[in-house]
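Spelled out from the first residue to the last, the chains are:
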Amino acid sequence: MREKFKKLNELLLEMQKIESISSLLHWDQETYMPENGGEIRSKEISYLSSLKHQKQVSNEFQNELRKFVNIDNGKILSNEINDNDKRFLDRVWKDFHYENSLPQKFVEDLSELTSQSQMKWIKAKERNDFSLFEPYLKKMVDMKKKEADHYGYSTNRYDALLEQFEPGITTEKLDDLFNGLRSRLIKLIEKIKNSSVKIKRVKGKFDEDSQWELGMKIIKDMGFDLKSGRQDKSAHPFTISFHPSDVRLTTRVHEDNFLSSLFASIHEAGHGIYEQGLLKENFGSPFGQAASFGIHESQSRLWENQIGRSKDFWKKYLPILKDHFPQFDSMDLDEYFKTINVVKPSLIRIEADEVTYSLHIMLRYEIEKMLINEGLAVKDLPKIWNEKMKEYFDIIPDSDANGILQDVHWSMGAFGYFPSYALGNFYAAQFFQKASEEIADFDKKIQKGELLPLKKWLNENVHKYGRKYLPDELIQKVVGSSMSVEPFMEYLESKYGEIYKL
Ligand SMILES: [Zn+2]
């Protein structure tokens, strides 16, 4: 990095170190921390986050940033600055602006509300009683509207929230993408519903040690570096990074649900390979961070679905699977391929198959827009949720616990986050299409279990840039055109056309 940014980089590195320490505490909390450690741990984590906030808005940091940027509007001051520096300063200013736009009192209130509202959500879900959560969610929605107003936006309030997860994406762009997708997806689901193809489900008990062993083998073959990372168990699988040389994955292992554990491992390793692929020399700089939540999710979904749920991949791994689990002995490749790709409209997003998944996202996206932009009342949410479930899936949830209360994100205040999940699927299909064109004998390589050329391609084309490019710029750079649902729909229509003989 350039000499003139030396001081700025030092300050950024300091904040990154605080962030990494906090991540380590968080990882420990979800994996090995004893039950009674929780109370002091949350105080430690909140201390670190306020320490980081103080550094981010400190006079020292502002004075340094002011040398290059008008900190009120983000305008870069010097003309003699190259594109790289411009991008660097823009990302640094945006992070500063976000923290600085929120009054200290607001940040504290929001943090308190978040921890209360998560506890209330857990209770409400357990008791299937939305009214316990409703007042907290109402406060949360009000605060998120205020947050958007503090941060600023040009035409659409919801855009300010989207920007935090997917820079450059707007409600207008999303409406466009989703409108193109909705009717095609619904048509495909209808055809699948009417197909006469019947698919066997795998049932039984699967030895937990064997599940672990097979998962470890596969993530190693994918190129997840176990000298710069590890895998452990947790209730909800996640990936967290302290540095490209220390990236932690978790998975869950259930004796009676073998596929969920295996695909969780592959998914998280996709995230982990991205984190390991960020350049060490950029640690602390925005260029050493992932491009966006959507780009991150594209990496995990590409490995989980385009690879992990493909016939080519299992050509190599089905015999290995059979060595671990004799239950599959009687299954051939075709049958197994169908088993791991069953399509069935369901109540819960996180259990959804590839085809119905995006509908869950669109449903929630529409409701979020109504809450943030159009004044939808929180008390009406269960009713709206069930109406939309009926419209999209032809299912009415049996309870609010399986309906409006199913997901943790709103209790954490993560409004604007969900579209990243759908975008991840679109980007994954675009990257995958390009990789399969550019890597010689791609299909044959996957059939032989040679996964490293794909990992290297992703390192080279996606990971190494960090946040240098906005998501859509990165897509354009890699595939030569803007973000689009077309490759994703082509992928679904061709794959599920084969499976369900459509
Ligand atoms: Zn993920």
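Residues numbered from 1 in each chain as written. Predicted model: local features only at pLDDT ≥ 70, side-chain atom pairs only at ≥ 80, totals over all residues.

**Thoughts on the overall build of the protein**
Here is step 1 of the chain: Each helix and strand in the protein was counted, giving 20 helices and five strands.
Here is step 2 of the chain: Projected onto its principal axes, the C-alpha coordinates of the protein cover approximately 70 × 50 × 50 Å.
Here is step 3 of the chain: Relative to its 502 residues, the protein shows a buried fraction of 36%.
Here is step 4 of the chain: A fraction of 69% describes how many contacts in the protein between residues 6 or more apart in sequence connect residues 24 or more apart. (Helix = DSSP H or I, 4+ residues; strand = E, 2+ residues; numbered from the N terminus. Buried ≥ 20, exposed ≤ 12 C-beta atoms within 10 Å, placed from the backbone. Contact = placed C-beta atoms within 7 Å.)

**Points about the nonpolar core**
Here is step 1 of the chain: Within the largest apolar cluster, 88 residues are counted, with the highest numbers of intra-cluster contacts made by Met222, Ala269, Val355, Phe426, Tyr427, Phe431 and Leu474.
Here is step 2 of the chain: Two domains each put at least three residues into this core: domain 1 (3-155) and domain 2 (156-502).
Here is step 3 of the chain: Look past the residues within four positions of valine 355 in its chain and what remains in contact with it is Leu185, Leu188, Ile189, Ile192, Val343, Leu492 and Tyr496.
Here is step 4 of the chain: Leu8, Phe68, Phe88 and Leu89 belong to the second largest nonpolar core, which has nine residues in total. (Core = buried A, V, L, I, M, F, W, Y, C linked by C-beta atoms within 7 Å. Domains from an automatic or database assignment.)

**Concerning the packing of helix α11 (residues 293-307) against helix α16 (residues 418-438)**
The angle between the axes and the distance between the axes are what describe a pair of packed helices.
Here is step 1 of the chain: Packing of α11 against α16 leaves a shortest axis separation of 7 Å and a crossing angle of 60 degrees. It follows that α11 is oblique to α16 by the angle criterion. As α11 runs across α16, the sense of the crossing is right-handed. Contacts between α11 and α16 pair Phe293, Gly294, Ile295, Glu297, Ser298, Arg301, Leu302, Asn305 and Gln306 from the former with Ser420, Tyr421, Leu423, Gly424, Asn425, Tyr427, Ala428, Phe431 and Phe432 from the latter.
Here is step 2 of the chain: Grouping the constituent residues of the contact of α11 with α16 by class yields nine nonpolar, seven polar and two charged. (Axes fitted to C-alpha atoms, helices over the stretch in contact; angles between N-to-C directions. Parallel < 35°, antiparallel > 145°, perpendicular 65-115°, else oblique. Left-handed = near helix turned anticlockwise from the far one by under 90°. Nonpolar A, V, L, I, M, F, W, Y, C, P; charged D, E, K, R; others polar.)

**With respect to the domain arrangement of the protein**
Here is step 1 of the chain: Looking at the protein, the domain boundaries give domain 1 (3-155) and domain 2 (156-502).
Here is step 2 of the chain: Distance from the C-alpha centre of domain 1 to the C-alpha centre of domain 2: 26 Å.
Here is step 3 of the chain: Each partner contributes residues to the interface: domain 1 has 38 residues there, and domain 2 has 37 residues.
Here is step 4 of the chain: Split by residue class, the side of domain 1 that touches domain 2 holds 18 nonpolar, 12 polar and eight charged.

**Looking at the packing of helix α1 (residues 6-31) against helix α3 (residues 59-66)**
Here is step 1 of the chain: In contact at an axis separation of 9 Å, α1 and α3 are set at 145 degrees when each is read in the N-to-C sense. In this structure, α1 crosses over α3, and the sense of that crossing is left-handed. On α3, the residues touching Lys7, Leu8 and Leu11 of α1 are Glu60, Phe61, Glu64 and Leu65.
Here is step 2 of the chain: Class assignment of the residues belonging to the contact of α1 with α3 gives a composition of four nonpolar, no polar and three charged.

**Examining the environment of tyrosine 365**
Here is step 1 of the chain: With respect to the helices and strands, tyrosine 365 occurs in helix α14 (residues 354-373).
Here is step 2 of the chain: Tyrosine 365 sits in the buried class, given 22 other C-beta atoms within 10 Å.
Here is step 3 of the chain: Setting aside anything within four residues of it in sequence, one finds tyrosine 365 in contact with Leu174, Phe178, Phe418 and Pro419.

**Some words on the sheet that holds strand β4 (residues 239-243)**
Here is step 1 of the chain: Taken together, three strands build an open sheet; the order of strands is β3-β5-β4 and the sheet is mixed. With one partner strand each, in any of the chains shown, β3 (229-233) and β4 form the two edges of the open sheet. Taking the axes of each pair of neighbouring strands and ignoring which way they run, one obtains an average angle of 20 degrees across the sheet.
Here is step 2 of the chain: Of the pairings in the sheet, the one linking β3 to strand β5 (residues 246-251) comprises five bridges and is parallel in character. Each residue of the ladder has a partner; that of aspartate 232, found in β5, is threonine 250. (Pairing = 2+ DSSP bridges.)

**As for the pairing of β5**
For a regular strand, side chains alternate in direction, first toward one face of the sheet and then toward the other.
Here is step 1 of the chain: Burial analysis of β5 places five of its six residues in the buried class, the great majority of the element.
Here is step 2 of the chain: Direction of pairing for β4 relative to β5: antiparallel, over a ladder of four bridges. Across the sheet, the residue bridging to serine 241 is valine 247, located in β5.
Here is step 3 of the chain: As consecutive antiparallel partners, β4 and β5 are separated by two residues.

**As for unusual backbone geometry**
Excluding glycine, a negative phi dihedral is what most residues carry, and trans is how most peptide bonds are arranged.
Here is step 1 of the chain: Phi is positive for asparagine 128, close to 55 degrees, though the residue is something other than glycine.
Here is step 2 of the chain: The topology assignment puts asparagine 128 in the loop between α5 (104-127) and α6 (130-151).
Here is step 3 of the chain: Located in the positive-phi region is lysine 501, a residue other than glycine, with phi close to 50 degrees.
Here is step 4 of the chain: If you trace the backbone, lysine 501 turns up in the segment after α20 (486-499).

**A word on the environment of glutamate 255**
Here is step 1 of the chain: With respect to the helices, strands and loops of the structure, glutamate 255 is situated in the loop between β5 and α10 (258-277).
Here is step 2 of the chain: For the pair glutamate 255 and lysine 227, spaced 28 residues apart in the sequence, the C-alpha separation amounts to 28 Å.
Here is step 3 of the chain: If we ignore the near neighbours within four places in the chain, the residues touching glutamate 255 are Lys205, Phe206 and Glu208.

**Things to note about helix α4 (residues 83-101)**
Here is step 1 of the chain: Given a rise of 1.5 Å per residue, 19 residues ought to cover 27 Å, and the 26 Å separating the end C-alpha atoms of α4 matches this to within 8%.
Here is step 2 of the chain: For α4, every residue scored as buried is listed here: Phe88, Leu89, Val92 and Trp93. Angularly, the buried residues of α4 cover 125 degrees about the axis, an arc narrow enough to put them on a single face. (Expected span 1.5 Å × (residues − 1). Arc of directions from axis to C-beta.)

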